[in-house]
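# Close look at the chain arrangement
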Amino acid sequence: MLILRSYRLFVPLANTLARTHHYHYRTLTHKPLAALHFTMSEGGKKQATLARFFTSMKKKKTVEETAAPAAPATQEETSKESNEEHTEATPPLKKMKLEPASVVEKKPATKTATTTASTDKFVSVIPYKDLCQMFEEVEKTSSRLAIIKLCSDFLISVMEQDSRNLIPVTYLCINKLGPDYMPGMELGLGEGLLMKTISEACGKSLAQVKLDYKDTGDLGEVAMSARNVQPTMFKPKPLTVGEVFTNLQTIASAQGKDSQTRKIRLIKRMLTACQGVEAKFLIRSLESKLRIGLAEKTVLISLSKALLVREHKRAGDNMDMEIVETAEQRIRDAFCQVPNYEIIINACLEYGISELDTHCSLRPGIPLKPMLAKPTKAITEILDTFQGQHFTCEYKYDGERAQVHLLPDGSMRIYSRNGENMTERYPEINIHDFIRDSDKTKTLILDCEAVAWDKEQGKILPFQVLSTRKRKDVDINEVKVRVCLFAFDILCHNGERLINESLRERRGILHAVTQSVEGEFQYATQLTTNNTDELQKFLDQSVHDSCEGLMVKMLDGPESHYEPSKRSRNWLKLKKDYLEGVGDSLDLCVLGAFFGKGKRTGKYGGFLLGCYNQDTGEFETACKIGTGFSDELLQQLYDRLSPTAIDGPKATYVYDSSAEPDIWFEPTVLFEVLTADLSLSPVYKAGSGSGGYDRGISLRFPRFIRLRDDKGVEDATSSEQIIEFYESQSHIQN
């Protein structure tokens, strides 16, 4: 008992003395008790250690006091010191550059604060544990309506404290740090780095962490278990939503020398402050996978309800359903035009949801989500769909979607279909060269397709040629594969939104404000007819001209308006290769591989593919594929996928053990595949969670077409689309 009392007195006193005399005694912070230099069982040795320590401190104090009296450390300073990591025989710690001040130390605010804008904007004192408890409830709930209520109620309570809390909370709910089009907003830290961090922060061996991960398949669970059994000497300061969000942004944007070390240090500081389920969701956020069934569209609906309750100042249960649905639609429409939650939330708070369309519409510099087309399998189906209506056909180019923006300052941006800024990828493109009158056109947004172009022969090259171009740090003098922009729509001109104009009117404006430049900027080849023979000839000609087929669009009336993000039947795509089968190709994510045999020995001989369930955030297996690959491509895929191999399936993979691959991968690559048809399967799981079937859906005789590097893995064909393809087959309909 005497030893225990001495130990309890020794720790705070040693902290104070260490600060005054620059002693750096190990593990006087949140370190496990087992890491101390002495143990409770070594009583005699411990007493001797204490005696030597106080004797040496007394001598040193006497010497230093004769030179100059030292000011005693305050309680606040002692507390700060207890929150720093120490090692033996090291100099005093310097302030780390990576960690925000809210985590490392607190200083009085001054007018000349050097904190970043994001740190100032996203101040939130909401306890992080409250958010994590909401995540925990959502994870246990299967009903989508119940999840929406849980989420909207939490967002309402957040706004009641301070409406500024809403932005960081919303981003953490969708597991993002900002808009997709902004660089430096992606986390997705590797498993190796996170396992190392958990090991160091929680006092467990790396081997044990790996073993636990193999058993659970969830690093979040591993971190929570390790953290909750780890004894600490001081109760850490609780984490807040603002601190966590700012720290995650800092980690995502960290670059340069020692950036990985700095990331680990900041993650460790947060982990040591985690309590309860916080560690689980912190690690999952760092992996960019919450895995709780909280899809982004669910958060968007919850956000709509919460903002509506605040605006009308009455409970959501008492709201008229028509008002609720109108508010949801307005916020969805605004997000499709301006995919930035900060802008939308601030506009709703300042002007109200009813005025959102006025104050939050598309603008140059922010990529809107592109309109998409429904697949069709026959010309007769087109005629049936557009019966009695004016429609037009355009070539469907085999390239990369490119949304070209001219900003008010004269600069240009080119965005991909998923909002990625790819301007530096195409240094040869200058939008000013294609504008008829620069004095009359100050801003615009064009919808185009970037296609590989042979300048000598004046013809389109296949997509595979385009994919050989570098994606970063492109030097215009080293570009070997040139591109031509084929423009087919204009969405904004001089600040005027054009998406609610008819396609005929938009096409006229496009031709009036831009000019064609051979091999650099051209208009999509088009034909307006309802004659079956002419349509067939135009389809054949498009294939002859190295295109995929045709895009068929409504030409006049409200149905011809541009609908951002919507896969509409007012746009149909007819591809020559897909007139048989399901009518379209599918973009599936590579989840695993099977080792090759025979001439494929030493490479992967086949791959396990899956679709993406947008409601649950899970990948559901759809087929095994081994057809359509050249030996050269298989080697390239082996070199590309090998570094992404993982020890076992991720918790987000829905699969059957009878179809387990030889090796699992992180989800990083999409294959575009063709299939003869779709069928119900006892082995594959596509659509099994949302289609009302007792089995999943699989692809029969799938064939590889190409890699889809222009898409992210979450842009893979969705479970809902798989179900639609299956149900649209004639033998199912009949």
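Here's a quick rundown of the structure.

Parameters at a glance
Residues numbered from 1 in each chain as written. Predicted model: local features only at pLDDT ≥ 70, side-chain atom pairs only at ≥ 80, totals over all residues. Heavy atoms only, no water. Helix = DSSP H or I, 4+ residues; strand = E, 2+ residues; numbered from the N terminus. Buried < 20%, exposed > 50% of the residue type's maximum accessible area, 1.4 Å probe, protein only. Contact = heavy atoms within 4.5 Å. Areas by Shrake-Rupley, 256 points an atom, 1.4 Å probe, with all protein chains shown as cover. Phe/Tyr/Trp six-rings, centres within 6.5 Å; stacked < 30°, edge-to-face > 60°. Lys NZ or Arg CZ within 6 Å of the ring centre and 35° of its normal. Pairing = 2+ DSSP bridges. Axes fitted to C-alpha atoms, helices over the stretch in contact; angles between N-to-C directions. Arc of directions from axis to C-beta.

## Points about the overall build of the protein chain
Along its length, the protein chain carries 25 helices and 22 strands. Taken over 734 residues, the protein chain has a buried fraction of 51%. Within the protein chain, contacts between residues at least 6 apart in sequence are counted, and of these 74% link residues at least 24 apart. Accessible area for the protein chain stands at about 34,400 Å²; split by element, carbon and sulfur atoms hold 49% of it.

## So, the packing of aromatic side chains
Under the defined criterion, the tally for this structure stands at 26 aromatic pairs. On the basis of an interplanar angle of 85° and a centroid distance of 5.8 Å, the ring pair of Tyr562 and Trp571 is categorised as edge-to-face. In this structure Tyr562 comes out as buried when scored by relative accessible area, which is 2%. Here Trp571 falls in the buried class, since its relative accessible area comes to 3%. An angle of 50° between the planes, with centres 5.1 Å apart, marks the rings of Tyr612 and Phe619 as tilted. Judged by relative accessible area, which is 0%, Phe619 ranks as buried. A connected cluster of aromatic rings, assembled from ring pairs, spans Phe595, Tyr604, Phe607, Phe629, Tyr638, Phe665, Phe671 and Phe704. The aromatic ring of Trp571 is capped on one face by Lys553, whose charged end is 4.0 Å from the ring centroid. The ring of Phe463 carries Arg706 above its face, with NZ or CZ at 4.0 Å from the centroid.

## Section: unusual backbone geometry
For Arg291, which is not glycine, the phi torsion reads 55° and is therefore positive. Topologically, Arg291 is positioned in the loop between helix 14 (278-287) and helix 15 (296-312). Classification of Arg291 as buried rests on a relative accessible area of 18%.

## Details of the sheet that holds strand 1 (residues 372-376)
Sheet strands line up and pair through hydrogen bonds in the backbone, either parallel or antiparallel. Spatial strand order, 1-12-11-2-10: five strands in an open sheet with mixed pairing. The open sheet has two edge strands with one neighbour each: strand 1 and strand 10 (526-527). As judged from the two bridges shared by strand 2 (residues 391-396) and strand 10, these two strands associate in the antiparallel manner. Residue pairing in the sheet places Cys393 in a bridge with Leu527 of strand 10. Running at roughly 20° to strand 2, helix 22 (residues 532-544) makes contact with strand 2, strand 10, strand 11 (549-554) and strand 12 (567-575) of the sheet.

## Section: helix 23 (residues 631-641)
Buried within helix 23 we find Leu633, Leu634, Leu637 and Leu641. An end-on view of helix 23 places all buried positions within 100° of arc, on one side of the element. Looking at the packing, one finds that the buried side of helix 23 touches strand 13 (586-595), strand 14 (604-613), strand 16 (645-646), strand 18 (663-665), strand 19 (670-674) and strand 22 (703-707).

## With respect to the environment of Leu239
Inspection of the secondary structure puts Leu239 in the loop between helix 11 (219-228) and helix 12 (241-253). Its relative accessible area of 5% is what places Leu239 among the buried residues. Residue contacts for Leu239: discarding those within four places in its chain leaves Pro127, Tyr128, Val244, Met270, Ala273, Cys274 and Glu278.

## A look at the pairing of strand 5 (residues 444-454)
Most of strand 5 is tucked away: eleven of the eleven residues are buried. Neither face of strand 5 is left uncovered, since the one carrying Leu444, Leu446, Cys448, Ala450, Ala452 and Asp454 and the one carrying Ile445, Asp447, Glu449, Val451 and Trp453 both have all their residues buried. The sheet contact formed by strand 5 and strand 7 (residues 482-493) spans ten bridges and is antiparallel. The residue of strand 7 that forms the bridge with Glu449 is Phe486. Of the pairings in the sheet, the one linking strand 5 to strand 6 (residues 459-460) comprises two bridges and is antiparallel in character. Following the sheet pairing, Trp453 is matched in strand 6 by Ile460.

Keep in mind these numbers describe shape, not what the thing actually does.
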